[in-house]
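Here is how the chains run, residue by residue.
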Amino acid sequence: MKDRCCFIFSEDLLNYKFSNHHPFNQFRLKLTVDLLKKMSALDTDHIIPPRMATDEELTLIHDPSYIEAVKKAGRGQLPKEIAENYGLGTEDTPIFPNMHEASALLVGGTLTAVDQVMTGKALHALHLGGGLHHGFRGKASGFCIYNDSSVAIKYLQEKYNARVLYVDTDAHHGDGVQWSFYDDPNVCTLSIHETGRYLFPGTGNINERGQGAGYGFSFNIPVDAFTEDESWLYVYTHALQEVADFFKPDVILTQNGADSHYYDPLSHLSATMKIYREIPKLAHQIAHQYCGGKWIAVGGGGYDIWRVVPRAWSLIWLEMTENSGCFGDLPKAWINQWQNAAPVELPKQWDDPDGIYPPIPRKAEITEKNLLTLEKALYPIRQHQKNKML
């Protein structure tokens, strides 16, 4: 299996950089790659550099006028008042030099992963530089300029005539991808995220089920703030298995934001590394159960770049390659390499120790609420199954 997997990466992906102080920091890619290399789990034979997405590919989702605006912004030629109409130059999505080129490379990395899998060169492909799920047709949003997952899904449809199951486990709702395919019955979106009551983008309610021919193909499970591992995993396991069984995809595309962890500074969930062990395991199983193994995985959110993201994202690759060497201590060479640069103490082990946060006083209430949310979200599927049995 190890030889049937590819890892999309080049250091040019680090050029997607808003500023030194912005929470979105692609240096996490370098930390992850170095962790995998120092445990001898990633070698040069697996690494494929991303290509640049063409303008024609970007227009599968994005408006040509928006693409031109991004190009002008990156050259310092877009007036502020026009930039703001496109969501550029905001606090979330500041303008930076050559932003079109950096963003198009990120999209091209996801397309590279798609082609590797769909042409049979690889069974699984991982592009951690991707996963920017908030970008809209004509507007940047939430750190995302172009929406690589949306472009990739449209590309999968047009080039490979594939039915796509998109699974988003970022703490923030995958709004841009959902709205791109809201009326499309050949794309099924499943997003498990923190409720939008207190968190950007504020969408992803249970009743967002699609429209027109796409009604019933959008699934949202907004879990309560302070949700812990057991409740999160119960929701994820049941939702993904039942949605996959309902939709029966040709290929699975997973977005792997690592911001549901307790340490993440931008969300309010209380998960630990336990969920990041299980997320890729079930995705892997579903890919083989329904898609002949075809699994494309991208990154996403994740703002504790030192303690959380390298471990969480490494576990995806280790699952893809069926590498069991991800227990116990982290490589000392990795810790020694980066501890002086890190503003926090780096973890010593793959798993979190017990007690990294105080007991959640509403645990039983939160668990019950999440169970009811799951039942409501999956009610149409479950009702359909009951009717078939009658």
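Structure first, text after, so check above.
What counts, and at which threshold
- Residues numbered from 1 in each chain as written.
- Predicted model: local features only at pLDDT ≥ 70, side-chain atom pairs only at ≥ 80, totals over all residues.
- Heavy atoms only, no water.
- Salt bridge = Lys/Arg side-chain N within 4 Å of Asp/Glu carboxyl O.
- Helix = DSSP H or I, 4+ residues; strand = E, 2+ residues; numbered from the N terminus.
- Buried < 20%, exposed > 50% of the residue type's maximum accessible area, 1.4 Å probe, protein only.
- Axes fitted to C-alpha atoms, helices over the stretch in contact; angles between N-to-C directions.
- Parallel < 35°, antiparallel > 145°, perpendicular 65-115°, else oblique.
- Left-handed = near helix turned anticlockwise from the far one by under 90°.
- Contact = heavy atoms within 4.5 Å.
- Nonpolar A, V, L, I, M, F, W, Y, C, P; charged D, E, K, R; others polar.
- Core = buried A, V, L, I, M, F, W, Y, C linked by side-chain atoms within 4.5 Å.
- Disulfide = S-S within 2.5 Å.
- Pairing = 2+ DSSP bridges.
- Right-handed = clockwise from strand over helix to strand, strands pointing away.

With that settled, the discussion passes to the pattern of salt bridges. Taken as a whole and judged by the stated rule, the model has 19 salt bridges. When the shortest N-O distance is used, the salt bridge between Asp-34 and Lys-38 registers 2.9 Å. A residue pair is termed a helical-turn pair when its members lie 3 or 4 positions apart in one helix, as Asp-34 and Lys-38 do in helix H1 (residues 27–38) at four residues. With a closest N to O distance of 2.9 Å, Arg-51 and Glu-57 form a salt bridge. Judged by its relative accessible area of 14%, Glu-57 falls in the buried class.

Take unusual backbone geometry next. Cis rather than trans, the peptide bond between Phe-200 and Pro-201 has omega equal to 0°. Its identity is not glycine, yet Phe-226 carries a phi of approximately 70°, on the positive side. By the element assignment, Phe-226 lies in the loop between strand S6 (218–223) and helix H8 (229–247). For Glu-322, which is not glycine, the phi dihedral falls at a positive 55°. The exposed category is assigned to Glu-322, whose relative accessible area is 54%.

A few words now on the packing of helix H9 (residues 273–290) against helix H10 (residues 309–320). Taken N-terminus to C-terminus, the directions of H9 and H10 make an angle of 30°; their axes are 9 Å apart at the nearest point. By the angle class used here, H9 and H10 are roughly parallel. Remark: the crossing between H9 and H10 carries right-handed chirality. Counted together, Met-273, Tyr-276, Arg-277, Pro-280, Lys-281 and His-284 of H9 and Arg-311, Ala-312, Leu-315, Ile-316, Glu-319 and Met-320 of H10 form the full contact between these two elements. Tallied by class, residues from the contact of H9 with H10 come to seven nonpolar, one polar and four charged.

Among the secondary structure elements, His-127 is positioned in strand S3 (residues 124–127). Assessed through its relative accessible area of 0%, His-127 is described here as buried.

Below, the discussion takes up the nonpolar core. Most often, soluble globular proteins have nonpolar side chains that are buried together. Grouped together as the largest cluster of nonpolar side chains are 76 residues, with contacts concentrated most on Phe-7, Leu-165, Leu-190, Ile-192, Ile-221 and Tyr-236. With sequence-adjacent residues up to four places away left out, Leu-165 is seen in contact with Cys-188, Leu-240, Val-243, Ala-244, Phe-247, Pro-249, Val-251, Ile-252 and Leu-253. The next biggest cluster of nonpolar side chains, apart from the first, holds 51 residues, and it includes Leu-58, Leu-78, Phe-96 and Met-118.

Note on terminology: a disulfide is the covalent bond linking the sulfur atoms of two cysteines. Counting across every chain of the model gives zero disulfides. There is no disulfide at Cys-188, and the cysteine sulfur nearest it, in Cys-291, is 11 Å away. Classification of Cys-188 as buried rests on a relative accessible area of 0%.

Our next topic: the sheet that holds strand S2 (residues 47–48). Here eight strands make up an open sheet; going across it, the order is S2-S1-S3-S8-S7-S4-S5-S6 and the pairing parallel. Lying at the two open borders of the sheet, with one neighbouring strand each, are S2 and S6. Judged from the four bridges that link them, S3 and strand S8 (residues 295–298) form a sheet pairing that is parallel. Bridge pairing in S8 places His-124 opposite Trp-295. Along the sheet, H8 makes contact with strand S4 (164–168), strand S5 (187–194) and S6, crossing S5 at roughly 175°.

Our next topic: the pairing of S5. Counting buried positions along S5 gives eight out of eight residues, so the element sits mostly inside the fold. As defined by bridge partners, S4 adjoins S5 across five bridges and the pair is classed as parallel. Opposite Leu-165, over in S5, you have Cys-188 as the bridge partner. Between the parallel pair S4 and S5, the chain is carried across by helix H7 (residues 175–180), and the sense of this crossover is right-handed. The sheet contact formed by S5 and S6 spans six bridges and is parallel. Among the inter-strand pairings, Glu-194 is bridged to a residue of S6, identified as Val-223.

The quantities given are spatial measurements derived from coordinates; they are silent on function.
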